[in-house]
Amino acid sequence: MNKHAVHQLILEKLTVDLDIAQRAAQTAYETATHEENIAENKYDTLGLEASYLAAGQAKRVEEIKQALALCQNLQLRAYDDQRGIEVGALLGLEDENGRQQWLFLAPDAAGLKVDVVGQPVTVITPRSPLGKGLLGKFEGDEVEILVAGARQLFTVTEAK
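Residues numbered from 1 in each chain as written. Predicted model: local features only at pLDDT ≥ 70, side-chain atom pairs only at ≥ 80, totals over all residues. Heavy atoms only, no water.

Taking an unreviewed UniProt entry as the reference, the protein is identified by name as Transcription elongation factor GreAB belonging to Pseudomonas cremoris.

1. Comments concerning the confidence of the model for the protein
Counting all residues, the mean pLDDT for the protein is 93, and 97% of those residues have values of 70 or more. When the elements of the protein are averaged for pLDDT, strand β5 (residues 142-147) gives the smallest value, 91, and strand β2 (residues 100-105) the largest, 98. (pLDDT = per-residue confidence, 0-100. Helix = DSSP H or I, 4+ residues; strand = E, 2+ residues; numbered from the N terminus.)

2. Describing the nonpolar core
Among the nonpolar cores identified, the biggest contains 24 residues, and Val-6, Ile-10, Leu-14, Cys-71, Phe-104, Ala-109 and Val-121 are the most heavily contacted of them. Elements with a contribution of two residues or more to this core: α1 (3-33), α2 (46-72), β2, β3 (113-116) and β4 (119-124). Of the residues that make up this core, three or more belong to each of domain 1 (1-71) and domain 2 (87-157). Leu-91, Leu-103, Leu-105 and Leu-134 belong to the second largest nonpolar core, which has 14 residues in total. (Core = buried A, V, L, I, M, F, W, Y, C linked by side-chain atoms within 4.5 Å. Buried < 20%, exposed > 50% of the residue type's maximum accessible area, 1.4 Å probe, protein only. Domains from an automatic or database assignment.)

3. Considerations on the domain arrangement of the protein
The domain boundaries assigned to the protein delineate domain 1 (1-71) and domain 2 (87-157). A C-alpha centroid distance of 28 Å is found between domain 1 and domain 2. The junction of domain 1 with domain 2 conceals about 1,200 Å² of combined surface from both sides, 85% of it contributed by carbon and sulfur atoms. Broken down residue by residue, the surface that domain 1 buries against domain 2 is led by Met-1, Lys-3 and Ile-10, which jointly contribute 44%. Here domain 1 is connected to domain 2 by zero salt bridges. Linking domain 1 with domain 2 are two residue pairs in polar contact (both at pLDDT 80 or more), by the criterion used here. Those elements that provide at least two residues to the side of domain 1 that touches domain 2 are α1 and α2. Among the elements that line the side of domain 1 that touches domain 2, the one with the most residues is α1, at eight residues. (Buried area = accessible area lost by both parts, 1.4 Å probe. Salt bridge = Lys/Arg side-chain N within 4 Å of Asp/Glu carboxyl O. Polar contact = N/O pair within 3.5 Å; in protein donor to acceptor, adjacent residues only side chain to side chain.)

Here it is in structure tokens:
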């Protein structure tokens, strides 16, 4: 699996998500400000609801812009077996039950998923318990995290 290809897919997905969010924000804004949606009585809340939606969509646009900017400015470096895992790493993990997963440790865009030749890759950040636990680890290391009081153990199978 190629780290640069995964990074490019993440940037493309964020760009598409930004376009969709901007169109949704514009539609919500137009609905909120349309003259037909002016409240005629206290029970007529369509305009108010649309304004809340417009505000939420505008916030989402800003979040995606920030994630895109941080990911665009990410300088990818080859995995260094002296430094261990750092932001920009592409990782293979295996849980206690032998399930494999691929993760990309990015500065933002947590939860974003991209598909690389049928293999899903999930973006995590150092702000997550798993991301924080992975920083500085090496291939073969185990990472233990607590999620809602349950212990989860992962082994780093690959780092790129």
